[in-house]
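What follows is each chain in one-letter form.
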Amino acid sequence: MMLAAAMAAILVSMVLLLVRAVLGPKVYDRILAVNIFGNKTVLFISVLGFLNGRPDFLDVALVYALINFMGMVAVLKFMHFRDLGYGLVRQDERS
Amino acid sequence: MIASVLSNTFLLLGSLALIIGSLGMMRFPDFYARTHAAGVTETAGSAFIMIGLMFAAGPTLITLKLMVVLSLLLYTSPTAGHALAQAALIDGQKPLGRIETDESAG
């Protein structure tokens, strides 16, 4: 019963985060919303496994957490340098 | 019995944290204020819901997997939030409100 309530809370939270990701005035608001949306997806997959009575989806949740983190860092690097081919130096230090 | 009550309590707390953090993401006026709401929903919501699922699973392998997922979330989420806030600051996004600088003070 409380599992269903937690699932409903996660779904409402995801809808609000999607609204923020569409509305967000700057690109960093969108990146923040999408990052937390990925975090909520990890919770969603875990709770979904418990709701179905087969909590074997946790490996999927684990992989999703890893990919979410690395994807966000890659998107941040792309938004800063407009290119993924540079090393991690600041833009004013580049000649 | 006790495990069920604890599981329901932790799941309820986690759901409350999720809803409060998402409302903050919608209502706060500034990017840096929104990172605060994001921190609430990332750490408190994830940790409470994962602990509730651990009490629901009992002492099995599932609990170990949940602990691995939770520790991974608790390591990566603050790192990602810090990287995001610092990238926004480097790109010149100003916080709302008045900032005390040398020109305004003098």
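Within every chain, residues take consecutive numbers counted from 1 along the sequence as written. Just so you know, chain letters begin at A and ligand numbers begin at 1, following the order they were written in. Reporting in this predicted model follows two pLDDT cut-offs: at least 70 for local features of residues, and 80 or more for side-chain atom pairs to be given and counted; totals over whole chains, interfaces and linings ignore these cut-offs and use all residues. Water and hydrogen atoms play no part in the side-chain values, which are based on all heavy atoms of the structure.

Moving on: the overall build of chain B. Numbering of helices and strands runs from the N terminus; a helix is a DSSP stretch of H or I covering at least four residues, while a strand is a stretch of E covering at least two. On a plain count of helices and strands, chain B comes out with four helices and zero strands. Put simply, chain B runs from its N terminus to its C terminus through helices and strands in the order α-α-α-α. Atoms counted for the radius of gyration: C-alpha only. Globule rule: 2.2 Å times residue count to the power 0.38. For chain B, the C-alpha radius of gyration of 18 Å lies well beyond 13 Å, the compact-globule estimate for 106 residues. In terms of its C-alpha atoms, chain B occupies a principal-axis envelope of roughly 65 × 25 × 20 Å. Between buried and exposed lies partly exposed: a residue is buried under 20% and exposed over 50% of the maximum accessible area for its type, with that area taken using a 1.4 Å probe on protein chains only. Considering chain B as a whole, with its 106 residues, one finds that 38% of them fall into the buried category. Residues are treated as being in contact if the distance between any of their heavy atoms lies within 4.5 Å. Sequence separation of at least 24 residues holds for 63% of the intrachain contacts in chain B that already meet a minimum separation of 6. In these tables, accessible area is a Shrake-Rupley quantity obtained with a 1.4 Å probe, and a residue counts as shielded only by the protein chains included in the view. Only carbon and sulfur atoms are counted for the fraction: they give 71% of the accessible area of chain B, which is about 5,800 Å². Note that His is not counted, nor are the chain ends; the positive residues are Lys and Arg, and the negative ones are Asp and Glu. Here the site of a charge means NZ on Lys, CZ on Arg, CG on Asp, or CD on Glu. Averaged over its 5 positive side-chain charges, chain B has a centre that lies 13 Å from the centre of its 6 negative ones.

What follows concerns the interface of chain B and chain A. Listed per partner, the contact involves 42 residues of chain B and 40 residues of chain A. Values labelled buried area give the accessible surface lost by two parts on being combined, using a 1.4 Å probe and summing over both. At the boundary of chain B with chain A, total buried surface from both sides reaches about 3,600 Å², with 77% on carbon and sulfur atoms. Summed over the three residues of chain B that lose the most area to chain A, namely B:Met25, B:Met26 and B:Leu84, the buried surface amounts to 16% of that side. Within this document, salt bridges are pairs made up of a side-chain nitrogen of Lys or Arg and a carboxyl oxygen of Asp or Glu, the two lying within 4 Å of each other. Our enumeration of links across chain B and chain A arrives at two salt bridges. Close ionic contact of A:Asp59 with B:Lys65 constitutes a salt bridge, the shortest N to O distance being 3.5 Å. Nitrogen and oxygen atoms within 3.5 Å of one another constitute a polar contact, given that in protein one can donate a hydrogen and the other can accept it, and given that sequence-neighbouring residues count only through two side-chain atoms. In this assembly, chain B and chain A are joined by 10 residue pairs in polar contact (both at pLDDT 80 or more). Every element with two or more residues in the side of chain B that touches chain A is listed here: α1 (2–27), α2 (31–57) and α3 (61–90) of chain B. In the scheme used here, Gly and all other residues not listed as nonpolar or charged are polar, with Ala, Val, Leu, Ile, Met, Phe, Trp, Tyr, Cys and Pro taken as nonpolar and Asp, Glu, Lys and Arg as charged. Class assignment for the residues of the side of chain B that touches chain A results in 27 nonpolar, 11 polar and four charged.

In this section: the environment of B:Met54. All names here are of chain B. Considering the arrangement of structural elements, one finds Met 54 in helix α2. Given the relative accessible area of 16%, Met 54 is considered buried. Residues Met 54 and Lys 65, spaced 11 residues apart in sequence, show a C-alpha to C-alpha distance of 9.4 Å. Those residues within four positions of Met 54 in sequence are excluded, and the remaining contacts are Thr 63, Leu 66, Met 67 and Leu 70.

What follows concerns helix α2 (residues 27–52) of chain A. In this model α2(A) runs 37 Å from its N-terminal to its C-terminal C-alpha over 26 residues, within 8% of the 38 Å that 1.5 Å per residue would give. Looking one or two residues past α2(A), A:Gly53 carries a phi angle of roughly 80°, positive in sign. Multiply 1.5 Å by the residue count of a helix minus one, and that product is the helix's expected span.

What follows is about the nonpolar core. Counting 25 residues, the largest nonpolar core has A:Ile10, A:Val42, A:Val47, B:Ile49, B:Met50, B:Leu53 and B:Leu66 as its most contacted members. The contact partners of B:Leu66, leaving out residues within four places of it in the chain, are A:Phe50, A:Leu58, B:Met50, B:Leu53 and B:Met54. What is meant by a nonpolar core is a set of buried Ala, Val, Leu, Ile, Met, Phe, Trp, Tyr and Cys residues, joined one to another through side-chain atoms within 4.5 Å. Listed in part, the 19 residues of the second largest apolar core include A:Met72, B:Ala37, B:Leu84 and B:Ala87.

Quick look at the environment of B:Ile51 now. Residues and elements named next belong to chain B. In this structure, Ile 51 sits in helix α2. Using a relative accessible area of 26% as the deciding quantity, one classes Ile 51 as partly exposed. For Ile 51 and Leu 6, which are 45 residues apart along the polypeptide, the C-alpha to C-alpha distance reads 9.1 Å. Leave out the neighbours within four places in its chain, and Ile 51 touches Phe 10 and Leu 70.

Now for a nonpolar patch on the surface. Residue and element names in this part refer to chain B. A contiguous nonpolar patch, built from Met 1, Ile 2, Val 5, Leu 6 and Phe 55 and spanning about 530 Å² of accessible area, is present on the exposed surface. Here the element with the most residues in the nonpolar patch is α1; it accounts for three residues. The topology assignment puts Val 5 in helix α1. Patch definition: residues above 30% relative accessible area lacking any salt bridge, with like charges linked at up to 9 Å and the nonpolar side chains Val, Leu, Ile, Met, Phe, Trp and Tyr linked at up to 5 Å.

Moving on to the confidence of the model for chain A. Predicted confidence across chain A gives a mean pLDDT of 86, with 89% of residues reaching 70 or more. Every residue gets a pLDDT, meaning the predictor's confidence in that residue, from 0 to 100. Per-element averaging of pLDDT across chain A places helix α3 (residues 58–81) of chain A at the bottom with 88 and helix α1 (residues 2–23) of chain A at the top with 92.

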